[in-house]
Amino acid sequence: MCVLVCSRERVGDAATRLLAELALRGKVLVIDGGNCFQAYPLARALRERTTSLDLLSQRVLIRRAFTAYQMLALLESTPLAALPVVILDLLVTFYDETLPAGQARWLVQRCLQEIERLKGAAPVFLLLRTCLLPQRRFLHEMVYQKADTLFYEQEKPTSFAQPALF
Amino acid sequence: MARVERTGWLMDVYTRPGGELVCWLLSEDGQRWLLPMDFPVTFYAAGSSAVLRQAWRFLQGRGVHLSRQVRRDLFHGERIVLAVTVDLPGRLAEVHRRLAQTFPLLDYYDADLPLAVRFVARTQVPLLGRCFFETDGQRLLGLQPLESAWEMQPLLPPLRVMEIECEANPALHPPQEITIRCDRRCFRFTVQPLRAFLANLQALLGNYDPDIIVTRYGDTWLFPFLGEHAPSFNPNRDEQMKVEYRRERSLFAYGQVLYRGAQALLFGRWHIDRCNAALFSEIGLMGALEMARVTGMGVQEAIRKSPGAGITAMQMQTALRDGVLIPVVKQQAESTRTLANLIRHDRGGMVYQPLVGVHHHVAELDFASMYPAIMVRYNISPETLNKNDAPAGLIPRTLQPLLVKRLALKQYLHTLDRRDSRVSDLKARQTALKWLLVVCFGYLGYKNARFGRVESHEAVTAISRELLLQAKENAEEMGFSVLHMYVDSLFVKREGVRGEADFLPLVETIQTETGIGVTLEGVYRWLVFLPARRDQRIPVANRYFGVFEDGTLKYRGVALRRHDTCPYVARTQLDILGCLAQADDPRERWKEAWALVNQRLRSLQRRQAAVEGLQMAVKLSRDPQAFRRPSAAAQAACQLQAEGVAVRAGMRLFFWYTRQGVSITPPNADDLDWERYARLVFRAATEILDILKPSRPVRQFHLPLCRR
Amino acid sequence: MGRTVPTITYQLNETEAMLQNFRRALRRGDQALLDGLLASARRHLPAISASGALLPFEVALLAMLIEQARRIAELEDEIDILQEELVRLRDGKG
């Protein structure tokens, strides 16, 4: 399981680039838990890489979760298949203040078990936004412990930066 | 007391601390009854047999009845469940909590239903509904319905209302004086000394014995204040009960941050706080009673919660009656779809940009309750998705009687004279039902809705777009120009067509073709569609003003409609519209309208406007500490916090613009920022009048072109 | 829950933002023309949305063409009127 942790704005962009590259190679399943799947930018990214936009747009498969329970239900109902799975913002729905912390911990545990299962058949990518809710940081720690590879993007410095040339 | 039989009304149900259910009834002889009743309740658990067996063993000896049953889940079909029955309904939550903590893997059903919803579904006696009951004076022995929630002209119980008001907003100034009105009498008491005030209040409660206490700031100040300073004072009719306090909270719903103040709920009588009841100003007591009657939610809950909670309660009632299990948490996941499919289907209602400018003799046609009507007609329900010829789904069956009742009330209203004394009550009831219908569509897609599903949400908008396109084609085939379409309404005109009768054939055609009721809202003498502020070439949906043939004004998307416009500016804009409405073409009155604006501007320059009319009201979009720039609302929030008021996102803040910034208390004339108010008036005037400027060429984009 | 795909209006705003560098490099007069073209597409938002296109800006270009065609039709009409007027004046009938 490969985990990328970055700012909220970057999750969408990183997902678009990753999905475009994966779609060039075959089918890919996206599970979006944080409303950060960018449909039109992905279409544009695909168009930049190929002329067969219609074909490639059929290769990107999407399922969305709007609550923590739905996220678990999505993962449970995803069959083992040889297609990579990209999970966006796995933890956002677990920040819900009406969801008790203990319940959130239990649900994330279950989700990670399901991800372990899926990992057996195809690569799984997790794109997480940095945790903004200190009292739920333990959920992130749970995910990091299960990661095979963890990329952690540093926050951009807010002071003056030279304009990028490339 | 011997066994007696009475006819009366079911007012409310609740549980006492011991867990037993109590019915509040009002009999026709005027007597109020608070009668405990045997009412065992059941919740269910489903999952693997091994875990269910463990759960069974866990529950044995804990004072519950257990049984193995087969019941229907809306999505999974029949399931073997462990039924857990509790004799005292007040104990159910605790039993469920313990079980769910120990066995989190199980799916739980019917475990968190509002008691009144359960009660209404089982007894068939609607809240506020007439019923026949038997009692021995100690307990309720029998209860039978005499009417349904869908009764068109229900006989209402004779309610006693007490109103309690304080003279100022307690958040800013501790009230000194309280006014109490009951039985056409008015009493004024000072709050201090508190003992005297309490004695008076207690005496009035005892003598008058109200069913409803309507207050201002009762939730956020009066009852919490009394609870703190006089713990022994009990405003409940049921002396075994204490006031139930609920905490304030901010929540995100309907695309905005909403604030719900703290709540103080009573037992054996109702408390309604005008300042904390979202719909009360619009639907009043009659609307609140109607909402409680059809939803099964208690009056105190119905008036404080969003109509969405009412729709959920109605769906629960349907499910309970059908024997369908109601899950504690929604688990339906979205099915897999492709990128192309998502882009094509994840869309809202149809919005057809208007043709900017002045138009004459325009008809506005509205689809009546379009989204709920689609859900009923096309059987849109989560469990019937993509199924042809399926029996009517849970959502359509819930909505059908609601649609029928609202339509019948509307039609009945049309038959009455405007001055008829029944009109205001009927309007309030009709509006209450309208709100339920308005939110029912959103609830289909709401993340926490028990029976919601995003695909059914999309199906409704897809059908609505198709219907509107059909309507457009019908109109164009009959020679009409479609000026604007907005989700469920369309604006059309045709050369030479003026009166309502000329548009009726179009109404009938659209109705026949689409199968959804269409109403002719009216024919505008003239109608002006406004462009975007930032670019006059860009049309904006749903931003217009116009006058109907009978002189009635209608306006959308202008300052007058916004909640953050101060009364003085709103009044000026309304007067401008009134001035324009006198002409057959608004451009004819452009000069007069500007004269009126200049007069108002001069009043501001001379500082002649009343300070109350300049009070701004802005809703705080986030918590004060989250503001990066000190906006007016943020400044007002800081001032309130300095006064010791807890400010939260979603609260409405009131303030005045001053030369120093803002002030939350009425400032002196010298301190007011008169120039800023003049700018607001000018902006509101140009919003309406810029497009009517005589020299401005108003371009019409119609083909073929009309030659002069 | 509900919609997660942004509206066509939002999408066109995004595309216009992406064109800002292109716009900056145009002469001022051309910038106004570009703004006019982009604004003209806004009159056809529902049609662009109804197309369900994966790349809505392609359809927006078509919408701009429609507005250009309309403008041409309007100007042709104006020319016809002026020509008729001219003929009348030349024949001394005016």
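About the thresholds
Residues numbered from 1 in each chain as written. Chains lettered and ligands numbered in written order. Predicted model: local features only at pLDDT ≥ 70, side-chain atom pairs only at ≥ 80, totals over all residues. Helix = DSSP H or I, 4+ residues; strand = E, 2+ residues; numbered from the N terminus. Rg over C-alpha atoms; globule rule 2.2 N^0.38 Å. Contact = placed C-beta atoms within 7 Å. Buried ≥ 20, exposed ≤ 12 C-beta atoms within 10 Å, placed from the backbone. Nonpolar A, V, L, I, M, F, W, Y, C, P; charged D, E, K, R; others polar. Axes fitted to C-alpha atoms, helices over the stretch in contact; angles between N-to-C directions. Parallel < 35°, antiparallel > 145°, perpendicular 65-115°, else oblique. Pairing = 2+ DSSP bridges. Core = buried A, V, L, I, M, F, W, Y, C linked by C-beta atoms within 7 Å. Left-handed = near helix turned anticlockwise from the far one by under 90°.

Caption draft 1: Region of interest: the overall build of chain A. Tallying secondary structure elements over chain A gives 6 helices and 6 strands in all. Secondary structure of chain A in N-to-C order comes out as β-α-β-α-α-β-α-β-α-β-α-β. Rg of the C-alpha trace for chain A: 16 Å, near the compact-globule value of 15 Å for 166 residues, within the 12% margin. When the backbone C-alpha atoms are referred to their principal axes, chain A occupies close to 50 × 45 × 30 Å. Pairs at least 24 residues apart make up 82% of the contacts formed inside chain A by residues separated by at least 6 positions.

Caption draft 2: Up close: the overall build of chain C. Counting its secondary structure elements, chain C contains 5 helices and 0 strands. Sequence-ordered secondary structure for chain C, helices as α and strands as β, is α-α-α-α-α. Each principal axis of the C-alpha atoms in chain C carries an extent, and together these give about 70 × 35 × 15 Å. Out of the 94 residues belonging to chain C, those deemed buried represent 18%. Restricting to contacts in chain C with at least 6 residues of sequence separation, those with at least 24 account for 45%.

Caption draft 3: Spatial organisation of the environment of Leu88(A). Among the structural elements, Leu88(A) can be located in strand E4 (residues 85–88). The contacts of Leu88(A), once residues within four sequence positions are left out, are Val11(A), Ala15(A), Val30(A), Ile31(A), Asp32(A), Gly33(A), Gly34(A), Cys36(A), Phe37(A) and Leu127(A).

Caption draft 4: Region of the structure containing the interface of chain C and chain A. Of the residues lining the interface, 7 residues belong to chain C; the matching set on chain A comes to 11 residues. The residue inventory of the side of chain C that touches chain A, partitioned by class, reads 5 nonpolar, 2 polar and no charged.

Caption draft 5: Here's a closer look at the packing of helix H1 (residues 8–18) of chain C against helix H5 (residues 56–90) of chain C. Residue and element names in this part refer to chain C. Between H1 and H5, whose axes approach to 10 Å, the crossing angle comes to 90°. In terms of axis orientation, H1 runs roughly perpendicular to H5. Of the residues in H5, those touching H1 at Ile-8, Gln-11, Leu-12 and Thr-15 are Pro-56, Phe-57 and Ala-60. Tallied by class, residues from the contact of H1 with H5 come to 5 nonpolar, 2 polar and no charged.

Caption draft 6: Expanded view of unusual backbone geometry. All names here are of chain B. At the junction of Gln-192 and Pro-193, the peptide bond is cis and its omega measures out at -5° in the coordinates. Within the secondary structure, Pro-193 sits in the loop between strand E12 (185–190) and helix H4 (194–208). If you check the backbone angles, Tyr-217 has positive phi at about 65° while not being a glycine. Tyr-217 sits in the buried class, given 23 other C-beta atoms within 10 Å. In this structure, Arg-607 is a non-glycine residue whose phi angle is positive, near 60°. Here Arg-607 lies in the loop between helix H16 (590–605) and strand E28 (616–619).

Caption draft 7: The sheet that holds strand E20 (residues 337–338) of chain B, seen in detail. The 7 strands lie next to each other as E6(A)-E1(A)-E5(A)-E4(A)-E2(A)-E3(A)-E20(B), forming an open sheet whose pairing is mixed. Of all strands in the sheet, those with a lone pairing partner are strand E6 (149–152) of chain A together with E20 of chain B, marking the two edges. Two strands pair when backbone bridges link them, and strand E2 (residues 28–32) of chain A and strand E3 (residues 60–64) of chain A are joined in this way by 5 bridges, in the parallel orientation. Within the sheet, the bridge partner assigned to Ile31(A) lies in E3(A) and is Arg63(A). On the sheet, helix H6 (residues 137–146) of chain A packs against strand E1 (2–6), strand E5 (124–129) and E6 of chain A and is oriented at approximately 155° with respect to E5(A).

Caption draft 8: Structural detail: the sheet that holds strand E27 (residues 553–556) of chain B. Residue and element names in this part refer to chain B. Reading across the sheet, the 7 strands line up as E21-E23-E24-E22-E25-E26-E27 and stay open at both edges, with antiparallel pairing between neighbours. Of all the strands in the sheet, just strand E21 (351–352) and E27 have a single pairing partner and so form its edges. In this structure, strand E22 (residues 357–367) lies alongside strand E25 (residues 518–531), joined through 10 bridges in antiparallel fashion. In the strand pairing of E25, Ala-363 is matched with Val-523.

Caption draft 9: Representation of the pairing of strand E2 (residues 21–27) of chain B in the model. All names here are of chain B. Counting buried residues in E2 gives 6 out of 7 residues, a clear majority hidden from the surface. Pairing geometry for strand E1 (residues 4–15) and E2, over 7 bridges, is antiparallel. Of the residues in E2, the one forming a bridge with Thr-15 is Leu-21. Counting the residues between successive antiparallel strands, the hairpin from E1 to E2 contains 5 residues, one of them, Gly-19, with a positive phi of roughly 105°. From the end of E2 to the start of strand E3 (residues 32–37), which pair antiparallel, there are 4 residues, and Gly-30 there has a positive phi angle of about 90°.

Caption draft 10: Examining the environment of Gly644(B) more closely. Residue and element names in this part refer to chain B. Relative to the assigned elements, Gly-644 resides in the loop between helix H17 (632–642) and strand E29 (652–658). C-beta crowding within 10 Å serves as the criterion here: with 8 such atoms nearby, Gly-644 is assigned to the exposed category. In the structure, Gly-644 is positioned 474 residues away from Pro-170 in sequence and 11 Å away in space, judged by C-alpha atoms.

Caption draft 11: Inspection of the pairing of strand E8 (residues 130–135) of chain B at higher detail. Residue and element names in this part refer to chain B. The alternating pattern of E8 places Cys-131, Phe-133 and Thr-135 on a buried face, while none of Arg-130, Phe-132 and Glu-134, on the opposite face, is buried. Examined bridge by bridge, E1 and E8 share 6 bridges and lie antiparallel to one another. Following the sheet pairing, Thr-7 is matched in E8 by Phe-132. Taken together, E8 and the strand that follows it, strand E9 (residues 140–145), pair antiparallel across an intervening segment of 4 residues, in which Gly-137 is found at a positive phi of about 90°.

Caption draft 12: Representation of the nonpolar core within the structure. Ranked by internal contacts, the top residues of the largest apolar core, which has 182 residues, are Ala45(B), Tyr109(B), Ala292(B), Leu490(B) and Val492(B). Considering every element that reaches this core, the biggest residue donor is helix H12 (residues 423–444) of chain B, with 10 residues. Look past the residues within four positions of Ala292(B) in its chain and what remains in contact with it is Leu127(B), Leu128(B), Met297(B), Gly298(B), Val299(B) and Ala302(B). In this structure, Ala20(A), Ala39(A), Leu72(A) and Leu54(C) belong to the second largest nonpolar core, which totals 60 residues.

Caption draft 13: Looking closely at the packing of helix H8 (residues 307–322) of chain B against helix H11 (residues 394–415) of chain B. Residues and elements named next belong to chain B. Two elements in contact, H8 and H11, have axes separated by 9 Å at closest approach and are oriented at 115°. Taken as axis vectors, H8 and H11 run roughly perpendicular relative to one another. Taken as a pair, H8 and H11 cross one another with a handedness that is right-handed. Residue-level contacts link Met-314, Gln-315, Thr-318 and Ala-319 of H8 to Leu-394, Ile-395, Arg-397 and Thr-398 of H11. Its residues placed into classes, the contact of H8 with H11 shows 4 nonpolar, 3 polar and 1 charged.

Caption draft 14: Representation of the environment of Ala230(B) within the structure. All names here are of chain B. By secondary structure assignment, the location of Ala-230 is in the loop between helix H5 (218–229) and strand E14 (244–246). For Ala-230 and Val-358, which are 128 residues apart along the polypeptide, the C-alpha to C-alpha distance reads 64 Å. Excluding residues that lie within four positions of it along the chain, Ala-230 makes contacts with Leu-194 and Leu-198.

Caption draft 15: Fine view of helix H10 (residues 370–377) of chain B. Residues and elements named next belong to chain B. Along H10, 7 of the 8 residues are buried, which leaves the element largely enclosed by surrounding structure. Within H10, the full set of buried residues consists of Met-370, Tyr-371, Pro-372, Ala-373, Ile-374, Met-375 and Val-376. At the C-terminal side of H10, Asn-379 shows a positive phi close to 55°.

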